[in-house]
Amino acid sequence: MAEHDVIELLVAQHGRIRDLFDEVEQAPPDKVGEAFERLTRLLSVHETAEEEIVHPYARRKLDNGQGVVADRLAEENKAKRLLLDLHKAGVDDARFWEGLAELRTAVTAHARSEERYEFAKLRARTSVAERRTMAAAVRAAESMAPTRPHPGTESMTKNVLMGTPMAVMDRARDMIRKALGKR
């Protein structure tokens, strides 16, 4: 059902994100960068898809949907800024591990809030067919999403207008770095 229900899909991704934090923290020094890249990529595409598909739907469907989504977007912006700072500084920066712990705390609290205040209510207010359609839309949005954090794009409109060019640049950068043997 996970691949067909948007709530289960996103909750499963929250679990994968927690696993990736563990992977970064437990990686040998020469593998931290690769693990951090996987975490960065999943966080970036996951949040973009939520911002493009799930949050706009929640705004319309939920009582106080505007407020619920505004709170989630503020959390997402904070996490994106933390992730971007870590990404810019790099895994060899003296403050990387402290920053990673702060990011993990912010991301974990955000996921918990989404699951409690947004996803549970969406499940109650949507049909199986709606959740299946949203799951397909989330997967499509993720396939086109930027692979790096871009704070300030926490709306469907900004993601649609700015997301595609950023995604192209991010994905080109990823391919070049891979071809050069860099992570």
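Now for a description of the structure that goes with this document. In this text the structure is predicted, and so the values were computed from the model without any measurement.

## What about helix α5 (residues 128-143)?
Point 1. In a regular helix each residue adds 1.5 Å, so 16 residues correspond to 22 Å; α5 covers 23 Å between its end C-alpha atoms and thus fits that length.
Point 2. Those residues of α5 lying buried are R131, M134, A135, V138, A141 and E142. Seen along its axis, α5 keeps its buried residues to an arc of 130°; they face one direction.

## Here's the deal with the packing of helix α1 (residues 6-26) against α5
Point 1. Direction vectors running N to C along α1 and α5 enclose 45°, while the axes themselves pass 7 Å from each other. The pairing of α1 with α5 is recorded here as oblique in orientation. For the pair α1 and α5, the contacting residues are V6, I7, L9, L10 and Q13 in the first and R131, M134, A135, V138, R139 and E142 in the second.
Point 2. Across the contact of α1 with α5, the residue classes break down as seven nonpolar, one polar and three charged.

## Things to note about the nonpolar core
Point 1. F21, V24, F36, L39, L43, L100 and L103 are the most contacted members of the largest nonpolar core, which totals 22 residues.
Point 2. Broken down by secondary-structure element, the contributors of at least two residues to this core are α1, α2 (32-61), α3 (65-89) and α4 (96-125).
Point 3. Beyond its immediate chain neighbours, meaning those up to four positions away, L43 contacts I17, F21, L83, L103 and V107.
Point 4. Ranked by size, the runner-up nonpolar core spans 18 residues in total, among them V54, Y57, L73 and V138.

## Remarks on the pattern of salt bridges
Point 1. Taken as a whole and judged by the stated rule, the model has 11 salt bridges.
Point 2. Between R104 and E25 there is a salt bridge, with its nearest N and O atoms 2.8 Å apart. Pair noted here: R104 is in helix α4 and E25 is in helix α1, with a separation of 79 residues, a long-range link.
Point 3. With a relative accessible area of 38%, E25 lands in the partly exposed category.
Point 4. Across the pair D63 and R125 runs a salt bridge whose closest N-O atoms are separated by 3.2 Å. Highlighted residues: D63 in the loop between α2 and α3 and R125 in helix α4, separated in sequence by 62 residues.
Point 5. A single network of salt bridges, built from pairs that share partners, joins D5, R123 and R131.

## Describing the environment of R18
Point 1. Mapping R18 onto the fold places it in helix α1.
Point 2. Taking the relative accessible area as the measure of exposure, R18 reaches 40% and is therefore partly exposed.
Point 3. For the pair R18 and V107, spaced 89 residues apart in the sequence, the C-alpha separation amounts to 8.9 Å.

## Concerning α2
Point 1. The end-to-end C-alpha distance of α2, which contains 30 residues, comes to 41 Å, matching closely the 44 Å that a straight helix rising 1.5 Å per residue would cover.
Point 2. E51 marks where α2 bends most, by close to 40°.
Point 3. Judged by how many residues are buried, α2 sits mostly within the fold: 22 of 30 residues are covered.

## Quick word on empty space enclosed by the protein
Point 1. All told, the structure shown has two cavities of 30 Å³ or more when counted by the stated rule.
Point 2. One number sums up the size of the largest cavity: a volume of about 100 Å³.
Point 3. In terms of lining, the largest cavity is formed by 11 residues, of which the most central are L43, E47, A79, K80 and L83.
Point 4. Counting only elements with at least two residues in the lining of the largest cavity, the list comes to α2, α3 and α4.
Point 5. Looking at the lining of the largest cavity, the element that brings in the most residues is α3, giving four residues.
Point 6. The class makeup of the residues in the lining of the largest cavity is six nonpolar, two polar and three charged.

Parameters and conventions
- Residues numbered from 1 in each chain as written.
- Predicted model: local features only at pLDDT ≥ 70, side-chain atom pairs only at ≥ 80, totals over all residues.
- Heavy atoms only, no water.
- Helix = DSSP H or I, 4+ residues; strand = E, 2+ residues; numbered from the N terminus.
- Expected span 1.5 Å × (residues − 1).
- Buried < 20%, exposed > 50% of the residue type's maximum accessible area, 1.4 Å probe, protein only.
- Arc of directions from axis to C-beta.
- Axes fitted to C-alpha atoms, helices over the stretch in contact; angles between N-to-C directions.
- Parallel < 35°, antiparallel > 145°, perpendicular 65-115°, else oblique.
- Contact = heavy atoms within 4.5 Å.
- Nonpolar A, V, L, I, M, F, W, Y, C, P; charged D, E, K, R; others polar.
- Core = buried A, V, L, I, M, F, W, Y, C linked by side-chain atoms within 4.5 Å.
- Salt bridge = Lys/Arg side-chain N within 4 Å of Asp/Glu carboxyl O.
- Bend = angle between axes of the 7 residues up to and from the residue.
- 1 Å grid on protein atoms, 1.4 Å probe; cavity = no way out; pocket = protein on both sides within 12 Å on 5 of 7 lines; lining within 4 Å.
- Points joined across faces, edges and corners; volume = space filled by probe spheres on them.

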